[in-house]
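Observations on the three-dimensional arrangement
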Amino acid sequence: MEFAELIKTPRADNAVLHGPRCPAVRGTLCLTGHHLIFSSRRKEGGEELWLLHANIDCVEKRFVGSLGTIVIKCKDLRIIQLDIPGMEECLNIASSIEALSTLDSITLMYPFFYRPMFEVVEDGWRSYLPEQEFELLSSMTDEWRLSCANKDFSVCPTYPPVVIIPKCIDDEALRKVALFRYGGRFPVLSYYHKKNGMVMMRSSQPLTGTNGRRCKEDEKLINATLRPGKRGYIIDTRSLNVAQQARAKGGGFEQEVYYPQWRRIHKCIERFNILQESLIKLVEACNDQSHNMDRWLSKLEASNWLTHIKEILTAACLAAQCIDREGASVLVHGSDGTDSTLQVTSLAQIILDPRCRTIRGFEALVVREWLQAGHPFQLRCAQSAYSNTKQKWEAPVFLLFLDCVWQILRQFPCSFEFNEQFLIMLFEHAYASQFGTFLGNNENERSKLKLTQKTMSLWSWVNRSEELARFKNPLFEANSLVIWPSVAPQSLQLWEGVFLRWNRPSKFLDEAQEEVLNIINYNRELQAKVNALRRQLAELETDDRVQENP
């Protein structure tokens, strides 16, 4: 298919752009296969907008006489208005944008056509391989091994080709365990706690069913993570009622009689369809311009967004507490093991592991616990908060995770190497990007699409020194301790940097950030002077001693 077939009117002159928090600008609108481009006529300081069609969530049309207005609502929560003279021209452009923003084929998306304008120093596709993680693990323990049983994705279609499992479990046993777990998602290592040797594993629900089916290989695999005489915890991200209902459909949970050394705890985290409704309500509340305090607070409460944040953080803190304070290993799962499970395991690691609070450590975490672990980004991020089409599989699961990270970052502003902009950048690229990193739903799909050969990795761009400078937290001081965030309702706040950034001016926040940088730079200058004076003093004292003892 040629993109030209979808573009009925490629250009419109005398169009007027109304963007968030900026005055209306007259200029020329152009449509290409992947971008909506608006260029103003001002010779000096002219404005230019390049908007990926993939970032468009919804297109609305309005007409007043012969003047048409197109309202474009974006996945990054921006709302842009375009006034276009001529009804036919406006209709053609609107239908073209709708067609180009809803392409079915992944291979027609921009990452397959994008060619970087920067020098590629690092191949981001090879930056965070399982073999590298295993090498790090091997320096701490020899109780685990790399299994290639899934190299052709036949054991579990949503797992990567290489996984880390207990050394005492062979591949044949692994295949039997896969048959006992929903979608073949057998328990794999998520995190090893260096301090006490405890581990966190993740999987999907066991297929116990109403007959109470068991799998001795599954029991052996999970028990292999326990120390003699120690208990473990299974954190189920479903309510007990939902887990019991799952048994009627062939799913279920680990029965105490077969897992006597494990204590099961249910920490309910809502499923994806409820989360999507919550996002829609939250964004609607944030865009409400009525300025009525009661209405704002009731809408914010009705969205339940901060309740979901609290539930996820509580479950993650529990997992971290079991590992660090109880000295127990943990298995986390819900139903599929691709959504709430990953939120809990990745947030627990941020609490426990200082490495995950660095830029590269966090990137490795996203690759390991989200991309390789099979979170279905293509399905979950197909739409954002504005789309009019009926929801299917969309949900802000990854955005909720990033919001939880921001809550912890806000409580521990000196413990993270990255800043808020880094998290916002990941949110934007998960929904629409020129890079191939978040395309596909799992490693199997990415392998078939040949993304590593045909597209550029996001990490190749982010990890360049000039980009990293934008994402570094000036307050960062390496903290090797476990950090325990508060999950009290009073401690949780609306993430204004995402949900209100297009609605309110950022001038004062920008000024405050600039002042912080000035103070930090001034402090460094003073510290350098102190160090220089200390050196001078030491030299003078040395000279005095030499003169006293000729």
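Heads up: these notes are all about the structure in this document. (Residues numbered from 1 in each chain as written. Predicted model: local features only at pLDDT ≥ 70, side-chain atom pairs only at ≥ 80, totals over all residues. Heavy atoms only, no water.)

1. Quick look at the state of the cysteines
By the definition in use, this model includes zero disulfides. The structure places no disulfide on Cys 90, whose sulfur is separated from the nearest cysteine sulfur, that of Cys 58, by 14 Å. When its relative accessible area of 0% is taken as the criterion, Cys 90 is described as buried. (Disulfide = S-S within 2.5 Å. Buried < 20%, exposed > 50% of the residue type's maximum accessible area, 1.4 Å probe, protein only.)

2. Quick word on the pattern of salt bridges
The final tally for this structure, using the stated rule, is 28 salt bridges. Linking Glu 133 and Arg 355 is a salt bridge whose minimum nitrogen-to-oxygen distance equals 2.8 Å. Highlighted residues: Glu 133 in helix H2 (residues 130-138) and Arg 355 in the loop between helix H9 (340-352) and helix H10 (359-371), separated in sequence by 222 residues. Residue classification places Glu 133 among the buried positions, given a relative accessible area of 16%. Connected via shared salt-bridge partners are Glu 133, Arg 202, Arg 355, Arg 368 and Glu 369. (Salt bridge = Lys/Arg side-chain N within 4 Å of Asp/Glu carboxyl O. Helix = DSSP H or I, 4+ residues; strand = E, 2+ residues; numbered from the N terminus.)

3. Here's the deal with a negative patch on the surface
A cluster of acidic side chains, namely Glu 539, Glu 541, Asp 543, Asp 544 and Glu 548, defines a negative patch on the protein surface. Tracing the sequence through the fold places Asp 543 in helix H19 (residues 507-548). Its relative accessible area of 42% is what places Asp 543 among the partly exposed residues. (Patch = residues over 30% accessible without salt bridge, like charges linked within 9 Å, V, L, I, M, F, W, Y side chains within 5 Å. Areas by Shrake-Rupley, 256 points an atom, 1.4 Å probe, with all protein chains shown as cover. Lys, Arg positive; Asp, Glu negative; His and termini not counted. Charge placed at Lys NZ, Arg CZ, Asp CG, Glu CD.)

4. Some remarks on H2
Turning to H2, its buried residues number three or more, namely Pro 130, Glu 133, Phe 134 and Leu 137. Buried residues of H2, viewed axially, fall in a sector of 100°; they line one side. Taken together, the buried residues of H2 touch strand S8 (144-147), strand S9 (163-166), strand S10 (188-192) and H10. (Arc of directions from axis to C-beta. Contact = heavy atoms within 4.5 Å.)

5. A closer look at a nonpolar patch on the surface
On the surface, Phe 63, Met 87 and Leu 91 cluster together into a nonpolar patch covering about 240 Å² of accessible area. Considering the arrangement of structural elements, one finds Leu 91 in helix H1 (residues 87-100).

6. Quick look at the sheet that holds strand S13 (residues 262-266)
Strand pairing in a sheet is mediated by backbone hydrogen bonds. Such pairs are either parallel or antiparallel. Read from one edge to the other, the open sheet built from five strands follows the order S10-S11-S14-S12-S13, with strand pairing classed as mixed. Strand pairing shows two members of the sheet lacking a second neighbour, S10 and S13, which therefore form its edges. On average, each strand axis in the sheet is inclined to that of its neighbour by 25°, with strand direction left out of account. Bridge count between strand S12 (residues 232-236) and S13: five bridges; the pairing is parallel. Bridge pairing in S13 links Gly 232 to Trp 262. Sitting on the sheet, H9 touches S10, strand S11 (199-202) and strand S14 (329-333), and the angle it makes with S11 is about 160°. (Pairing = 2+ DSSP bridges. Axes fitted to C-alpha atoms, helices over the stretch in contact; angles between N-to-C directions.)

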